[in-house]
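Chain residues, written in single-letter form:
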Amino acid sequence: MSKLNRRAAIGTGISAAAALSALPTGAYAAGDEVIKVGLIGCGGRGTGAASNVLHSAPGVVIHAVGDMFESQAKNAQRSIRNMADNEPKIKELGNKADLPDDRVFWGLDAYQKVINSGVNYVILATPPGFRPLHIEAAIKAGKNLFTEKPVAVDGAGIRICMKAFDEANQKKLGVAAGTQRRHQASYIETIKRIHDGAIGDLVTGRCYWNQGILWSRPRREKMTDLEYQCWNWYNFTWICGDHVVEQHVHNLDVLNWVFREHPVAVNAMGGRSRNNPAYGHIFDFFSAELEYPGDRHCISQARQISNCFNAVTEFVTGTKGTSHVGGSTINGKPVVTPAMRRQQTDPYIQEHTDLITSIRASSPINELKNVAESTLTAIMVREAAYSGQRITWEQALNSQKTYLDVSKLSLDMKMPEWEVAVPGKTRFS
Ligand SMILES: NC(=O)c1ccc[n+]([C@@H]2O[C@H](COP(=O)([O-])OP(=O)(O)OC[C@H]3O[C@@H](n4cnc5c(N)ncnc54)[C@H](O)[C@@H]3O)[C@@H](O)[C@H]2O)c1
């Protein structure tokens, strides 16, 4: 992509051509520096992202890993070394893992040690509650960044991300987010056609992440309260954001991308019927009405209850037709041919290819504002459902409601008693 096209792509997703293109071979563009990756958060997605970046472009080395738990960090060291030594595509690209024991870190300050270890590209794959703290530290230290979604769990965290977005731009750092649909050719092409007028002016939309109950991890021997909640993180709002933020952010991001705006207000409801403390205090379901500028209203559903109708996708309607965006159709006709689908690069790899290509071309992409806006959209749904109030964008962005200040944690601290939110009683401020 030319620099101009690359710039134009910021905020609207990368072009379909880029997403469909083969990996750049030997193309270091302006910068020939090796991409030295530091991974923070060594769970399923973190080790997955390490594999993805090793498959994404030549000249990539995994240089350091860090996790809150020693076992997680050491397991990642082992598995990343193993994949780098054995996977043909990684070897073909000349990429490797250079992970001596003294660059494997654990503890609450592991993120800072990874950032200070000589890396120039940081991957953040911890639970979302830590994201603003880690994003702020990485950008402050001048690192390019791949950050998993969501990027915060409350308004205060979003404000940190918005500042980091500006700082990254000033420092010309690249930032890509794990909203991988923005790097998926089928989405890019469908949304491009919508933006080109294929269904006229947008009127409404709907999006879903409805699935069965997800996971809970039992407490391990000798775990402190904090360690237990960081381990079983999915089920605590201070660290997960609740599933509407943690997962449905993907679909809300698609609506914001299609509408090229974020909602001005949200009215939502939700509740919890599971009665098992292993699942913390999160809700089972959320159902929301999102108000976009121009009096355009969309609906969203996020449910995690087993044995129900499941759907993970998005639809929009315009003055001249409809699109099943997640299914890549416009007025019932497929946008993407089977041949295009076969050619489509894995978006989890493509997001790193796009970021690295942009860094090497000295025209870094910065997706932090988009993902922060989509995260805040999801936070609005959660807080509207928890409180039973209609919440405006400004209220959410300026909110003083924080669940926990993660910059002040200690392993043996006393954790607050979390309660299930009660609409009409739980306050949003
Ligand atoms: N883009 C996607 O499709 C996608 C898919 C899966 C997960 N994710 C995101 O990736 C993130 C991680 O999810 P996961 O499934 O890998 O979870 P996981 O539980 O498998 O891994 C999280 C890791 O972070 C570690 N951790 C917790 N607190 C930490 C801290 N303060 N400092 C350092 N390490 C810490 C945990 O010990 C664990 O190893 C989440 O934000 C999730 O939403 C994105």
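**Considering the site of the ligand**
Surveying the vicinity of the ligand reveals 26 residues, the closest of which are Gly 41, Gly 43, Arg 45, Met 68 and Gly 178. It is helix 3 (residues 44-54) that contributes the most residues to the shell around the ligand, three residues altogether. The residue inventory of the shell around the ligand, partitioned by class, reads twelve nonpolar, nine polar and five charged.

**Focus: the packing of helix 13 (residues 249-259) against helix 16 (residues 368-387)**
Where helix 13 meets helix 16, the closest approach of the two axes is 9 Å, and the angle between their N-to-C directions is 115 degrees. In this structure, helix 13 meets helix 16 at a crossing whose hand is right-handed. On helix 16, the residues touching Val 249, Leu 252, Asp 253 and Asn 256 of helix 13 are Val 371, Glu 373, Ser 374, Thr 375, Thr 377 and Ala 378. Here the residues of the contact of helix 13 with helix 16 sort into four nonpolar, four polar and two charged.

**A closer look at the pairing of strand 9 (residues 265-271)**
With burial as the criterion, only one face of strand 9 is covered, namely that bearing Val 266, Ala 268 and Gly 270; the residues Ala 265, Asn 267, Met 269 and Gly 271 on the opposite face remain uncovered. Pairing between strand 9 and strand 16 (residues 391-392): two bridges, direction antiparallel. What sits directly across from Ala 265, in strand 16, is Thr 392.

**Quick word on the sheet that holds strand 10 (residues 285-292)**
Spatially, the nine strands line up as an open sheet ordered 15-14-13-12-8-11-10-9-16, and their pairing is mixed. Sheet topology places strand 15 (333-334) and strand 16 at the edges, where each strand pairs with a single neighbour. Along the sheet, helix 16 makes contact with strand 9, strand 10, strand 11 (296-304) and strand 16, crossing strand 9 at roughly 60 degrees.

**Topic: the packing of helix 3 against helix 15 (residues 347-360)**
At a closest axis distance of 8 Å, the pairing of helix 3 and helix 15 adopts a crossing angle of 60 degrees. By the angle between their axes, helix 3 is oblique relative to helix 15. In the crossing of helix 3 with helix 15, the sense of the turn from one axis to the other is right-handed. Across the interface between the two elements, Gly 48, Asn 52 and Val 53 of helix 3 pack against Tyr 348, Ile 349 and His 352 of helix 15. Across the contact of helix 3 with helix 15, the residue classes tally to three nonpolar, three polar and no charged.

**Here we look at the domain arrangement of the protein chain**
Accessible area lost upon the coming together of the parts serves often as the stated size of an interface. Here the domain parsing of the protein chain yields domain 1 (3-182 + 344-366) and domain 2 (185-343 + 374-408). Between the C-alpha centres of domain 1 and domain 2 there is a distance of 23 Å. Of all the secondary-structure elements, those providing two or more residues to the side of domain 1 that touches domain 2 are helix 2 (16-20) and helix 8 (155-171). Looking at side-chain class alone, the side of domain 1 that touches domain 2 contains 15 nonpolar, seven polar and four charged residues.

**A closer look at the pairing of strand 12 (residues 311-318)**
Summarising the sheet, strand 8 (residues 202-211) and strand 12 pair through eight bridges and their orientation is antiparallel. Across the sheet, the residue bridging to Asn 210 is Ala 311, located in strand 12. Where strand 12 meets strand 13 (residues 321-324), four bridges bridge the pair, whose relative direction is antiparallel. Counterpart to Val 316 in the pairing with strand 13 is Ser 323.

**Concerning the environment of Trp 231**
On the secondary structure map, Trp 231 appears in helix 10 (residues 225-231). For Trp 231, a count of 18 C-beta atoms within 10 Å gives the class partly exposed. Taking C-alpha positions, Trp 231 is 9.0 Å from Phe 69, a pair spaced 162 residues apart along the chain. Setting aside anything within four residues of it in sequence, one finds Trp 231 in contact with Arg 217, Arg 220 and Met 223.

Criteria and cut-off values
- Residues numbered from 1 in each chain as written.
- Predicted model: local features only at pLDDT ≥ 70, side-chain atom pairs only at ≥ 80, totals over all residues.
- Near = placed C-beta within 6 Å.
- Helix = DSSP H or I, 4+ residues; strand = E, 2+ residues; numbered from the N terminus.
- Nonpolar A, V, L, I, M, F, W, Y, C, P; charged D, E, K, R; others polar.
- Axes fitted to C-alpha atoms, helices over the stretch in contact; angles between N-to-C directions.
- Left-handed = near helix turned anticlockwise from the far one by under 90°.
- Contact = placed C-beta atoms within 7 Å.
- Buried ≥ 20, exposed ≤ 12 C-beta atoms within 10 Å, placed from the backbone.
- Pairing = 2+ DSSP bridges.
- Parallel < 35°, antiparallel > 145°, perpendicular 65-115°, else oblique.
- Domains from an automatic or database assignment.

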